[in-house]
Amino acid sequence: MHSRELSVRAEYVVSLEHGADWREEIEAFAAREGVESAWFNGMGAVRDAEVWYYDLDDLEYRSVEFDEPLEVAACVGNVALLDDEPFAHTHAVLSRESGQALGGHLNAATVFSGEVYLRAFEEPLVRERDEVTDLDLWL
């Protein structure tokens, strides 16, 4: 286990741009504000989504695409530096019109509406390759 104490730098509410990519909007905001570490949550709706599932045996992501309107019932993630750029590690629970829930790592989604609360920290967090999981993690 690894842990660090962090100091809150600022808290933001962000309205995502209609038609933009959900994760890219968070990353662009972080870059513009100089945020190198943060925790966020959000809600809203998207026109489509690409969700990734990490195959624990093959150690690689599997992509599942949904070309339909979806409610973002819950979105949670963090911002850390990856290759010296802000990366928004984003997970979401999405729901269909029927109420069926879908979830996973939100790689991409076209924003219909989106509201995000982001808490930025003073200390940067940097993602590095973890040899055991083959994931870019905080080390």
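The model shown is predicted, which means the values in this text are computed figures rather than measured ones. Starting from 1, residues in each chain are numbered consecutively following that chain's sequence as written. In keeping with the predicted nature of the model, local features appear solely for residues at pLDDT of at least 70, side-chain atom pairs appear and are counted solely at 80 or more, and the whole-chain, interface and lining totals rest on all residues. Neither water nor hydrogens contribute to the side-chain values; these are computed over all heavy atoms in the structure.

## Focus: the pairing of strand E4 (residues 70-82)
Heads up, the rule is: Strand pairing is assigned whenever DSSP identifies at least 2 bridges connecting the two strands. Helix and strand definitions follow DSSP, with helices as H or I runs of at least four residues and strands as E runs of at least two, each counted in order from the N terminus.
By the bridge criterion, eight bridges tie strand E2 (residues 38-55) to E4 in an arrangement that is antiparallel. The residue bridging Gly44 from the neighbouring strand is Val72, located in E4. The sheet contact formed by E4 and strand E5 (residues 85-95) spans 11 bridges and is antiparallel. Each residue of the ladder has a partner; that of Val76, found in E5, is His91. Adjacent in sequence and paired antiparallel, E4 and E5 are bridged by two residues, among which Asp83 carries a positive phi angle near 55 degrees.

## Structural notes on the packing of aromatic side chains
What counts is decided by this rule: Centres within 6.5 Å are what make two rings of Phe, Tyr or Trp a pair, Trp counting through its six-membered ring; a difference in plane orientation under 30 degrees is then read as stacked, over 60 as edge-to-face, and the rest as tilted. Here's how the labels work: a residue is buried when its accessible area is under 20% of the maximum for its type, exposed when over 50%, partly exposed in between, all with a 1.4 Å probe on protein chains only.
Throughout the structure, instances matching the rule amount to three aromatic pairs. Pairing Tyr12 with Phe29 gives two aromatic rings, centres 5.0 Å apart and planes at 80 degrees, and the pair type is edge-to-face. Taken as a pair, Tyr12 in strand E1 (residues 8-15) and Phe29 in helix H1 (residues 22-33) lie far apart in primary sequence, 17 residues in all. Accessibility assignment for this pair places Tyr12 and Phe29 in one class, buried. Between Trp52 and Tyr61, the aromatic rings sit 4.9 Å apart at their centres with planes inclined by 40 degrees, giving tilted as the arrangement. By relative accessible area, which is 24% here, Trp52 ends up partly exposed. Look at Tyr61 and you get partly exposed, because its relative accessible area is 32%. Cluster of aromatic residues (ring-pair linked, three or more members): Trp52, Tyr54 and Tyr61.

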